[in-house]
Amino acid sequence: MTDAEKIKKNSDGSLNVPDQPIIPFIEGDGIGPDIWRATRLVIDAAVEKTYAGKRKISWLELPVGEKGYEKTGNYLPQEALDAIEANVVAIKGPLTTPIGKGIRSLNVAIRQKLDLYACVRPVRYIETVPSPMKHPEKINMVVFRENTEDLYAGIEWASGSDEANSVADFLKTKMGVDLPPAAGIGIKPISPANTKRLVASAIVHALENGFPSVTLMHKGNIMKFTEGAFAQWGYQVARERFADRTVTEAQLYDQYDGKVPSGRVVIKDRIADMLFQQVLLRPDEYSVIATPNLNGDYISDALAAQVGGLGMAPGANIGDACAVFEATHGTAPKYTGLDKVNPGSLILSGAMMLDYMGWKEAGTAVRDAVQAAIKKRRVTYDLARQIEGAQEVKCSEFAAAIVAQMK
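Residues numbered from 1 in each chain as written. Predicted model: local features only at pLDDT ≥ 70, side-chain atom pairs only at ≥ 80, totals over all residues. Heavy atoms only, no water.

(A) Molecular detail of the pattern of salt bridges. Here the structure, examined in full by the defined rule, presents 19 salt bridges. Here Asp34 ties to Arg37 by a salt bridge, and the two come within 2.6 Å at their closest N and O atoms. Remark: Arg37 and Asp34 occur in helix α1 (residues 32-51); sequence separation between them is three residues, near one turn of the helix. A salt bridge links Asp44 to Arg40; the nearest nitrogen and oxygen atoms lie 3.8 Å apart. Here Asp44 pairs with Arg40, and both are found in helix α1, just four residues apart, close to one helical turn. By relative accessible area, Arg40 is classed as partly exposed at 33%. (Salt bridge = Lys/Arg side-chain N within 4 Å of Asp/Glu carboxyl O. Helix = DSSP H or I, 4+ residues; strand = E, 2+ residues; numbered from the N terminus. Buried < 20%, exposed > 50% of the residue type's maximum accessible area, 1.4 Å probe, protein only.)

In structure tokens:
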């Protein structure tokens, strides 16, 4: 086995991954240590089984969150951000947002400081997991949510504050806009450059992974110059960069008699409220969804509910320089240290990470083993209470059951 090395980015954006890459991890707060131990066990087992010792991950812990504050007096040390950027790929458990400590959200701060502009959330049904849908097996979607702007940019002022009053006065005197008295005010920026890079990454994902369409989700019928512009810029980047590999929905019927030309991805758009209906009523018509920040937050959690909840929902935040894979749920502090909570979200995020590294055989091994373990019905409490005939096991025991399916 060679000595551990950093993953490097090639000039074309691809990764140069050594056989023993250094991968930083953030354990997380609350249930973070429990689900991280389970996840590490599964990922290491999948890599060992798949590559028979020729490849191995060298893990590097980063103190962030409560552990970061205890060790450094800072919930998000700059050294941790530097280590993620230097090593290109990282994975993290859930983090508590400190109350009254000046940071709006640790998770949002990591995304913004590292310019991780694409929140990528694949949603696919795992057999035997309880679902409220009649046909959850029809759901196979990936949400690309813009991470850095929209209302989540955090540009807002409290009701009655000097700042809010100043903005309200400017809007009235300079723009002719009257606001209700003492209104809290937020700004919703959506820009062409950030929209185009997000939509381009969604199109690349669809092309590389065999998805038939990219749907631009927006509320442009009302917010014409922000969300409406998002859709326009999405179509524009498809024309500019992928003209020979994409076709719009209008072109599909006007020029191709409704038949998709070989090797092309269909680009279409849907109003946000209408898409919420469509993913319930006709889920098999949608695959990759590209959306502004707030819509993406809503639709990704709604889709996760359709296939069984956030406990089994993986996610990643990806930028041009680096990527962070993470659990999509919170810290569940009442379960801290109880070895109880489902580690599935972080485990499947680990499988996404392996795919991203080019170790797709190991990623597939993780997903196949998770599926096989759930079908055996030895699962954590959240699944056991819904699956008939299931045996409830601890978080660590569920991880061991997953590993057992690899042997």
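That covers the picture; the talk isn't over yet.
(B) Here's a closer look at the sheet that holds strand β6 (residues 118-124). The mixed open sheet is built from eleven strands, whose spatial order is β4-β3-β5-β15-β14-β6-β7-β13-β10-β12-β11. This sheet does not close on itself; its edge strands, each paired only once, are β4 (58-61) and β11 (246-248). Ignoring strand direction, the axes of neighbouring strands in this sheet form an average angle of 25°. Where β6 lies against strand β14 (residues 314-318), three bridges are found, and the strand directions are antiparallel. Residue pairing across strands places Val120 opposite Ala316, the latter belonging to β14. Here helix α6 (residues 192-209) sits on the sheet and contacts β6, β7 (140-146), β10 (213-218), β11, β12 (265-271) and β13 (288-291); the angle it forms with β7, its principal contact strand, is near 160°. In the packing of helix α11 (residues 344-356) onto the sheet, the strands contacted are β3 (22-26), β4, β5 (89-92), β6, β14 and β15 (323-327), and the crossing angle to β15 comes to about 160°. (Pairing = 2+ DSSP bridges. Axes fitted to C-alpha atoms, helices over the stretch in contact; angles between N-to-C directions. Contact = heavy atoms within 4.5 Å.)

(C) Spotlight on empty space enclosed by the protein. Overall, the coordinates contain one cavity of 30 Å³ or more when judged by the stated rule. Put simply, the largest cavity is a space of about 40 Å³. Taken together, the elements giving at least two residues each to the lining of the largest cavity come down to α4 (106-113) and β15. With three residues, α4 is the single largest residue contributor to the lining of the largest cavity. Of the residues contributing to the lining of the largest cavity, the split by class is three nonpolar, two polar and three charged. (1 Å grid on protein atoms, 1.4 Å probe; cavity = no way out; pocket = protein on both sides within 12 Å on 5 of 7 lines; lining within 4 Å. Points joined across faces, edges and corners; volume = space filled by probe spheres on them. Nonpolar A, V, L, I, M, F, W, Y, C, P; charged D, E, K, R; others polar.)

(D) Focus on the side chain of Asn87. Tracing the sequence through the fold places Asn87 in helix α3 (residues 78-87). The class for Asn87 is buried, based on a relative accessible area of 4%. A distance of 2.8 Å separates a polar side-chain atom of Asn87 from the backbone oxygen of Ala83. Those residues in contact with Asn87, other than ones at most four positions away along the chain, are Lys6, Ile7, Ile22, Pro24 and Leu60. (Polar contact = N/O pair within 3.5 Å; in protein donor to acceptor, adjacent residues only side chain to side chain.)

(E) Spatial organisation of the pairing of β13. Here β13 shows no split at all, with Val288 and Ala290 on one side and Ile289 and Thr291 on the other all buried. Looking at chain direction, β7 and β13 are connected through four bridges and run parallel. Note that in β13 the partner of Val143 across the bridge is Ile289. One ladder, built from three bridges, connects β10 with β13; its direction is parallel. Residue Thr215 lies in a different strand from β13, and its bridge partner there is Ile289.

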